[in-house]
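# Observations on chain architecture
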Amino acid sequence: MTKETLAYENIDREFKELYVSDIKKTVVAFANTEGGILYIGINDAGEVVGLQNVDEVMQQTANTLKDSIAPDVMPFVKIRAVTREGKQIIEVAVQNGTSRPYYIREKGLKPSGVYIRQGSSNQQLSDEGIRRMLIEVNGKSYESMRSMQQELTFTAVRKYFQQRELKLDEAQLHTLKLIGDDGLYTNLALLLSEQCEHSLKVAVFQGSTRAVFRDRREFTGSLLQQLYDAYAFIDNYNKTKATFHGLERVDTQDYPPEAVREVLLNCLVHRDYSFSGSTLVNIYDDRIEFISLGGLVADLKMETIFIGVSQTRNTALAAVFYRLRLIESFGTGIEKIQQSYLDTAARPEFIAVYGGFKVILPNINEVQAKEFSISETQESYGFADEKDKVMQLAAMQGYVTRKQVEDALQVKTTKAYMLLQELCDAGRLAPIGVGRSRKYISR
């Protein structure tokens, strides 16, 4: 290489007269950009001044780069002594690395630790630039990308694994993909750690509008801890109403616990965490609304989901929840939510829009109260004979089902349920069984 070619610094060339520890910034910048060569023993003017202790400087350089840069950049670095103009210097040749972004270990994966090359200078990369580089290089889902936060703790995760007598050692962290192929924590690890940047907000309103707040809470930390804490909080507002069928007392909660559980799990497992917003739960007197970010996975439609097709956005996160026996692997969540409302006059509602997904769970006891009020009005206008038809059907075969009432009277599910419920409240019928097998027998 002639003196002319070393006349100036550039995007892929930098000079250092002596060894300094800051050479790690230049190596990081080269590895994150287009690669380049760092010359030690050449001053800023491009003049070869040479080194007296080449072997010692080579060793210092190698140790600094090995200990100070993450991920390991050494496979993309070649350090060698060369002679220029009769003097010994060191060339540090750096290739564009495949595990970008590289960063100064003590600073972490944040702007103060990540550099790129701009012209002849090293520039810090912004948070947004780091995210873009991660996506560009990895081409992976959010959960599998390297976490920008590497100082993570897993108190909650270890607690719940221990409760289920499951092992969570270093090998398991790799198997569950909390640690990536580069040996660093992934975003999945971030989501499950106490340092999780996402939260779940629950608001309780008076009445059926957002006009008056009664209570609010924000849950942070590990998604697992958010799940348990949020469920307990919501359960405090899931009131129980007692009704009597003859001498038998029946307690009905406002919301089926199974439905609340499944919706909450779906919100946490299937949302898009590349969005920074919080998962929202709004509790009204007549309903609960669950709102998660991201909408449906690409190419899925609501009709597809309702026929049982399932595609998980966060497969590794779902695998952890499955291992903890919190979810099943067959996409049965929505079916379970619908089944939990099967013997009620209320129906859950699912709304998918671009960038968001909402599930509305109606308050069973509120719906029943409204339907009862409507039925009293209807009876005064000559609808009482429908109940007589239901009783005649029950007398003929000893029992009657909701589906038989729908078919015999040509009414919808809500009306059939309402008629059966009123006959039970009046002591004329008694329910036996649950779910689809429920029958109503004459008293």
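Refer to the preceding data block for the structure.
In what follows, the accompanying structure is described. (Residues numbered from 1 in each chain as written. Predicted model: local features only at pLDDT ≥ 70, side-chain atom pairs only at ≥ 80, totals over all residues. Heavy atoms only, no water.)

Turning to the side chain of glutamine 225, a few remarks are in order. Locating glutamine 225 in the fold gives a position in helix H7 (residues 223-236). A relative accessible area of 19% places glutamine 225 in the buried class. (Helix = DSSP H or I, 4+ residues; strand = E, 2+ residues; numbered from the N terminus. Buried < 20%, exposed > 50% of the residue type's maximum accessible area, 1.4 Å probe, protein only.)

With that settled, consider the pattern of salt bridges. What the rule picks out here adds up to 21 salt bridges. For glutamate 14, the salt bridge goes to arginine 117, with nearest N and O atoms at 2.4 Å. With a gap of 103 residues between them, glutamate 14 in strand S1 (residues 13-16) and arginine 117 in strand S7 (residues 115-118) connect regions that are remote in the sequence. Note on glutamate 14: relative accessible area 7%, which makes it buried. (Salt bridge = Lys/Arg side-chain N within 4 Å of Asp/Glu carboxyl O.)

Running from amino to carboxyl end, helix H13 (residues 385-397) crosses helix H14 (residues 402-409) at an angle of 125°, the nearest separation of the two axes being 11 Å. The orientation of H13 relative to H14 falls into the category oblique. Seen from above, H13 lies across H14 with right-handed handedness. Seen from H13, the contacting residues are Glu386, Lys389, Val390, Leu393 and Gln397; seen from H14, they are Gln404, Val405, Ala408 and Leu409. Its residues assigned to classes, the contact of H13 with H14 shows 5 nonpolar, 2 polar and 2 charged. (Axes fitted to C-alpha atoms, helices over the stretch in contact; angles between N-to-C directions. Parallel < 35°, antiparallel > 145°, perpendicular 65-115°, else oblique. Left-handed = near helix turned anticlockwise from the far one by under 90°. Contact = heavy atoms within 4.5 Å. Nonpolar A, V, L, I, M, F, W, Y, C, P; charged D, E, K, R; others polar.)

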